[in-house]
Amino acid sequence: MRVAVLEAAIAELTETGYAALTVEGVARRAGVHKTTIYRNWKDADGLVADALAGRFSADIPIPDTGAVESDLRALARSLVATMTTQAGRALLVTVLSDAVRVPQLADVKRALFDDRFRRAEPVVTRAVERGELPADTDPAELLKALAAPIYFRLVFTGEPVDEATADQAVRVALAAAQARVLRAGGPGAG
């Protein structure tokens with residue numbers, strides 16, 4: 001029942017948007033009574049936060065191709081593939097429009113990014129160990145540099161986002177890392 005409700009919440013969010021999402025709509029879609037939902041979640045905000053956390057915290061593939069460029073390309077292309085789906089767009093709209101109003105969603109957004117950075121950190125660590133990146137490269141800063149151009153297009157400019165976008169993000173992030181501007185301690189460290 002829990003999985004069906006969470007999947008129904010994502011489907012409802014994708015189709016109706018956060019503002020129009022109702023517990024009744026999720027219950028109907030999941031084939032359960034709304035009291036079943038209220039027994040497990042206090043309100044629609046909690047349900048959406050739980051559904052988003054579950055949907056987007058699933059294990060992301062951590063590539064290990066033996067080269068940092070192809071590993072980062074796989075990560076960037078995976079991000080593009082995920083965020084250009086209906087569910088990915090719904091996630092963006094929800095966390096950007098309602099995260100300020102709904103503290104649970106702000107917490108989910110922070111946790112999602114923290115989890116993704118933590119999971120992808122071995123890609124950078126291995127590259128440092130192989131001598132492909134400077135020893136003081138900060139994995140989180142490199143991953144932020146990788147994701148930033150993709151999210152910029154998705155959120156602000158509305159430009160198309162595709163594999164070419166992902167590949168360009170890799171080139172930019174690698175150039176910044178190799179120029180030693182993505183050092184431990186964050187921007188300006190050193």
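Here's what I pulled together on the structure shown here. Here the structure is a predicted model, which means the values were calculated and not measured.

**Remarks on unusual backbone geometry**
In the Ramachandran plot, Arg180 falls in the positive-phi region, its phi being about 65 degrees despite a non-glycine side chain. Here Arg180 is to be found in the segment after helix 9 (163-178).

**A look at the packing of aromatic side chains**
Following the criterion strictly, the structure yields three aromatic pairs and no others. Each ring, one from Phe113 and one from Phe117, has its centre 6.2 Å from the other, and the planes form 40 degrees; the classification is tilted. Linking Phe113 with Phe117, this pair stays in helix 7 (residues 103-129), spanning four residues, or about one helical turn. Residue Phe113 is classed as partly exposed on the basis of its relative accessible area, which comes to 32%. Ring geometry for Phe152 and Phe156: centres 5.5 Å apart, planes at 40 degrees, overall tilted. Note that Phe152 and Phe156 are positioned in helix 8 (residues 139-157) at a spacing of four residues, about one turn of the helix. For Phe152, a relative accessible area of 45% gives the class partly exposed.

**Quick word on the side chain of Thr137**
Within the fold, Thr137 resides in the loop between helix 7 and helix 8. The contact partners of Thr137, leaving out residues within four places of it in the chain, are Val124, Val128, Leu142, Ala177, Leu182 and Ala184.

**Let's talk about the side chain of Thr14**
Examined against the element boundaries, Thr14 turns out to sit in helix 1 (residues 2-16). Among the polar contacts listed, one links the side chain of Thr14 to the backbone oxygen of Ile10, at a separation of 2.8 Å. Thr14 has contacts with Gln86, Ala87 and Ala90, leaving out every residue within four places of it along the chain.

**Regarding the pattern of salt bridges**
Pairing of side chains with opposite charge becomes possible as their charged atoms draw close. Enumeration according to the criterion identifies 18 salt bridges in this entry. The salt bridge partner of Asp115 is Arg118, with a shortest N-O separation of 2.5 Å. With a gap of three residues between them, Asp115 and Arg118 both fall in helix 7, about one helical turn apart. Given the relative accessible area of 13%, Asp115 is considered buried. For Arg130, the salt bridge goes to Glu132, with nearest N and O atoms at 2.6 Å. Given the relative accessible area of 34%, Arg130 is considered partly exposed. Among the ionic contacts, a cluster of salt bridges with common partners joins Glu69, Arg73, Arg77, Glu163 and Asp167.

**Description of helix 1**
If you check helix 1, its first and last C-alpha atoms are 21 Å apart, about what 15 residues at 1.5 Å a residue would give, namely 21 Å. Buried residues belonging to helix 1 abut helix 2 (23-30), helix 3 (34-40), helix 4 (44-56) and helix 6 (86-98). A positive phi of about 85 degrees marks Gly17, the residue just after helix 1.

About the thresholds
- Throughout, residues of each chain are indexed from 1 in the direction in which the sequence is written.
- Given that the model is predicted, a residue must reach a pLDDT of at least 70 before its local features are reported, and side-chain atom pairs must reach 80 or more before they are shown or counted; all residues, however, enter totals for whole chains, interfaces and linings.
- By convention in this description, side-chain values take in all heavy atoms of the structure and omit both hydrogens and water.
- Put simply, DSSP H or I for four residues or longer makes a helix, DSSP E for two residues or longer makes a strand, and each gets a number counted from the N terminus.
- Two rings from Phe, Tyr or Trp (for Trp, the six-membered ring) form a pair when their centres are within 6.5 Å of each other. A pair whose planes differ by under 30 degrees is stacked, one over 60 is edge-to-face, and the rest are tilted.
- Accessibility here uses a 1.4 Å probe with only protein chains present; expressed as a share of the type maximum, an area under 20% marks a residue as buried, one over 50% as exposed, and anything in between as partly exposed.
- By definition in these notes, contact holds between two residues if any of their heavy atoms fall within 4.5 Å.
- Polar contact is defined as a pair of N or O atoms within 3.5 Å, subject to the rule that within protein one atom must be able to donate a hydrogen and the other to accept it, and that residues adjacent in sequence are counted only when both atoms are side-chain atoms.
- Between Lys or Arg on one side and Asp or Glu on the other, a salt bridge is scored when a side-chain nitrogen of the former is within 4 Å of a carboxyl oxygen of the latter.
- What a helix should span is 1.5 Å times the count of its residues minus one.

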